[in-house]
Amino acid sequence: MTYSANIRAALEQELGGIKEKGLFKEERFILGPQKADISVEYPSGAPASDVINFCANNYLGLSSHPDVVKAAHEGLETHGYGMSSVRFICGTQDIHRTLEQKLTEFLGTEDTILFPSCMDANAGVFEAVLGPEDVMIADRLVHASIIDGMRLCASMRDTYKHSDMKHLEQKLEMHQDKRIRLIITDGVFSMDGDLAKMDEIVALAKKWDAMVFTDESHSSGFIGKTGRGVHEHCGVMGEIDIITTTLGKGLGGASGGCVSGRKEIVELCRQKARPYLFSNTVAPVIVSGAIKVLDLISGNTERRDKLEWNTNYWRQGLTDAGFDIKKGDSPIVPVMLYNAKLAQDMSRDLYHEGIYAVGFFFPVVPQAAARIRTQLSADHDQAHLDKGLAAFKKVGEKHGILGLGKKEIIEKFGK
Amino acid sequence: MNEPRTIKVEIPVCLDLPEDDLAVLRTTFETIITLVSGGCGGAEQHLRHLRDGGWDVNWGLTWIARARKDGAYEEATGGSKAEVLAQLDRLAGLHEVEGTP
């Protein structure tokens, strides 16, 4: 088969369709390490702009922390660059075991297995643990990787309305004939930054004999009093059966993920999870850096506390300025604009004011729910936040949306 | 090779069948032909090959339902129309939005 003109035309047409819908993604080139102050080349070939980053998942500001970088260098020296193997053949080093033990302790579970990413963890865990006689019941706003993982599993797939505990209970009751009922949720939902009602979910799981799965990617390291995640925040540490999380956000921001939970479940992943069995081991340099990250955040809560302060300051500042923001406790703070064009225009204007924050609109978020998603970091200091708030205020004034609620914005700009 | 033969059945004008019922009729006729012919595609040979390879093979007639919306696609198979549509309804819940990374 050659790459014929017909094939090329068909694929070009598809790309054209993506552009027409305004969904074409263009990469922006960051000239240096990930941190609050970055220099960005955008569009490609344009002179670099110095901007403050309000869209990274660098929650704890550890992506370029000198101690983490140093630990990664040391890991490179002592354990090499790559392992040229999957874990179970000859790709497991002492540091992999150390990191898995540290994650187990940090998350408050029985055991942990590393994956190349949390996307891979979510892709592998359901198929490894569940069978055709089981059912997965997922919140309708769980991350795309969970949905993909559910597709790879032979169990029945079902959903409940977002954070609707009555609906979840109906589904649990409906599926009492199944061998295993697995409730699936994100800890923090990446779209709105809201937290799962984990205590209520655990209570329902006990009532209806179900297991609980949560993806803590947007909470590990900073949600909860000591940053263990939403299960700590909700007082149900040790009661979650399966936790997946990433090393690619708060926990250093490089790559890698894990499944952590009941030891039999982790062992089944070690035996059966295909992304684990057929992917290379997580590189030693990443593992070494991640061990340092866990040492840094297990010892004290300074960075988590700073992030919490920054989040409160930012939320209050935006509210005082007259923006309509999604309420919540997480460092994901969506500024609601409802109209897709307005979200794009404001994101562009903010960029020209030195603020890097991205607009999201349908189909990534629901219709008439366009927003600019801002994300806070412990790397931000007050000056960053004040500059960001001033820029938001200026751009908000320009578009005449300060003090307006959903109804007024939609009346003015349309859905 | 012979051209396939077709049978055209006129539906009386007085019979105001909804699209769903027409689909059932069409599927029923196709099923009868498939059952009579066995598919004419060397089914026995494939079956033998699978069993020689150690596969425990069984089969049956099934319903299939497909749903598309924009780029999303879901498919369900099962023993009844109600079952496959219930499955599709459940699966559609996974497509509320694409979500954010």
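Conventions we followed
Counting of residues starts from 1 at the beginning of each chain's written sequence and follows it residue by residue. A letter from A marks each chain and a number from 1 marks each ligand, given out in the order of writing. Note on the predicted model: pLDDT of at least 70 is required for a residue's local features to be given, and 80 or more for side-chain atom pairs to be given and counted; whole-chain, interface and lining totals, by contrast, use all residues. Just so you know, side-chain values use all the structure's heavy atoms and leave hydrogens and water out. In what follows, residue pairs with any heavy atoms lying within 4.5 Å of each other are defined as contacts. Buried area, as used here, totals the accessible surface that two parts lose on assembly, with accessibility defined by a 1.4 Å probe and the loss added over both. Whenever a carboxyl oxygen of Asp or Glu lies within 4 Å of a side-chain nitrogen of Lys or Arg, that contact is scored as a salt bridge. In protein, a polar contact means a hydrogen-donor-capable atom and an acceptor-capable atom, both N or O and within 3.5 Å, with residues adjacent in sequence counting only if both atoms are side-chain atoms; elsewhere, any N or O pair within 3.5 Å suffices. In this count, Pro and Cys sit with the nonpolar residues alongside Ala, Val, Leu, Ile, Met, Phe, Trp and Tyr, while Asp, Glu, Lys and Arg are called charged and the others, Gly among them, polar. Strand pairing is assigned whenever DSSP detects at least two bridges linking the two strands. Put simply, DSSP H or I for four residues or longer makes a helix, DSSP E for two residues or longer makes a strand, and each gets a number counted from the N terminus. For the purposes of this description, domain bounds are those given by an automatic or database domain assignment. Centres within 6.5 Å make a pair out of two Phe, Tyr or Trp rings, where for Trp the six-membered ring is used; the pair is then stacked when the planes are under 30 degrees apart, edge-to-face when over 60, and tilted otherwise. The rule is simple: take the accessible area with a 1.4 Å probe, protein chains only, and divide by the maximum for that residue type; under 20% is buried, over 50% is exposed, in between is partly exposed. Surface patches are drawn from residues lacking salt bridges whose relative accessible area is over 30%; two like charges belong together within 9 Å, two nonpolar side chains (Val, Leu, Ile, Met, Phe, Trp, Tyr) within 5 Å. Only the protein chains shown count as covering a residue, and every accessible area follows the Shrake-Rupley method with a 1.4 Å probe. Using protein atoms alone on a 1 Å grid, points that fit a 1.4 Å probe yet trap it form a cavity, whereas open point sets bounded by protein on both sides within 12 Å along at least five of seven lines form a pocket; residues with an atom within 4 Å of a point count as lining. Grid points are joined across faces, edges and corners, and a volume is the space filled by probe spheres set on the points.

### Here's the deal with the interface of chain B and chain A
So, point 1. At the junction of the two partners, chain B supplies 12 residues and chain A supplies 20 residues.
So, point 2. Between chain B and chain A, a total of about 1600 Å² is buried, with carbon and sulfur atoms accounting for 57% of that surface.
So, point 3. When the buried area of chain B at its contact with chain A is split by residue, Arg90, Leu94 and Thr100 of chain B rank highest and sum to 41% of it.
So, point 4. If you look at where chain B meets chain A, you find two salt bridges.
So, point 5. Between Glu96 of chain B and Arg140 of chain A there is a salt bridge; the shortest N-O distance is 3.9 Å.
So, point 6. Inspection of the region where chain B meets chain A yields nine residue pairs in polar contact (both at pLDDT 80 or more).
So, point 7. In terms of residue class, the side of chain B that touches chain A is built from four nonpolar, four polar and four charged.

### Some remarks on the sheet that holds strand β12 (residues 355–356) of chain A
Residues and elements named next belong to chain A.
So, point 1. The sheet built from four strands is open, its strands ordered β1-β2-β3-β12 with mixed pairing. If you trace the sheet from one side to the other, it starts and ends with β1 (29–30) and β12, each paired once.
So, point 2. Two strands pair when backbone bridges link them, and strand β3 (residues 49–53) and β12 are joined in this way by two bridges, in the parallel orientation. Bridge pairing in β12 places Asn53 opposite Tyr356.

### With respect to the domain arrangement of chain A
All names here are of chain A.
So, point 1. Domain assignment breaks chain A into domain 1 (21–53 + 301–413) and domain 2 (66–299).
So, point 2. Once you take the C-alpha centre of each, domain 1 and domain 2 turn out to be 28 Å apart.
So, point 3. Taken together, the contacts link 15 residues of domain 1 with 16 residues of domain 2.
So, point 4. Approximately 1200 Å² of surface area, both sides summed, lies buried where domain 1 meets domain 2, with 59% of it carried by carbon and sulfur atoms.
So, point 5. Together, Thr301, Arg304 and Ile332 form the three largest contributors to the area buried by domain 1 at its contact with domain 2, with a combined 37%.
So, point 6. On inspection of domain 1 and its partner domain 2, the count reaches two salt bridges.
So, point 7. Two residues, Asp192 and Arg371, come together in a salt bridge whose shortest N-O distance is 2.9 Å.
So, point 8. Elements with a contribution of two residues or more to the side of domain 1 that touches domain 2: α13 (302–321), β11 (332–338) and β14 (370–375).

### Topic: the packing of aromatic side chains
All names here are of chain A.
So, point 1. Applying the stated criterion across every chain, the model contains nine aromatic pairs over all chains.
So, point 2. On the numbers, 4.9 Å between centres and 50° between planes, the contact of Phe126 with Phe213 is tilted. In this pair, Phe126 sits in helix α5 (residues 118–129) while Phe213 sits in strand β8 (residues 211–215), placing the two residues 87 residues apart along the sequence. Accessibility assignment for this pair places Phe126 and Phe213 in one class, buried.
So, point 3. Consider the rings of Tyr351 and Tyr356, whose centres lie 6.0 Å apart with planes at 80°: the pair is edge-to-face. Summarising the burial analysis for this pair, Tyr351 and Tyr356 share the class buried.
So, point 4. Joined through ring pairs, the aromatic side chains of Phe54, Trp314, Phe323 and Phe392 make up one cluster.

### Thoughts on a nonpolar patch on the surface
Residues and elements named next belong to chain B.
So, point 1. Residues Ile7, Val9, Ile11, Leu15, Leu25, Phe29, Ile32 and Val36 make up a contiguous nonpolar surface patch of about 790 Å² in total accessible area.
So, point 2. Position of Leu25 among the secondary structure elements: in helix α1 (residues 19–37).
So, point 3. The class for Leu25 is partly exposed, based on a relative accessible area of 35%.

### Some thoughts on empty space enclosed by the protein
Residues and elements named next belong to chain A.
So, point 1. Enumeration according to the criterion identifies three cavities of 30 Å³ or more in this entry.
So, point 2. Reported here for the largest cavity is a volume of approximately 50 Å³.
So, point 3. Considering the residues around the largest cavity, the lining is formed by Lys35, Ala36, Asn53, Ala56, Asn58, Gln375, Ser377, Asp379 and His380.
So, point 4. Partitioning the lining of the largest cavity into residue classes produces two nonpolar, five polar and two charged.

### Considerations on the pattern of salt bridges
All names here are of chain A.
So, point 1. For the coordinates displayed, the defined rule picks out 27 salt bridges over all chains.
So, point 2. Between Asp158 and Lys171 there is a salt bridge; the shortest N-O distance is 2.8 Å. Within this pair, whereas Asp158 is found in strand β6 (residues 156–160), its partner Lys171 is found in helix α7 (residues 165–174), the two being separated by 13 residues in sequence.
So, point 3. For Asp158, a relative accessible area of 0% corresponds to the buried category.

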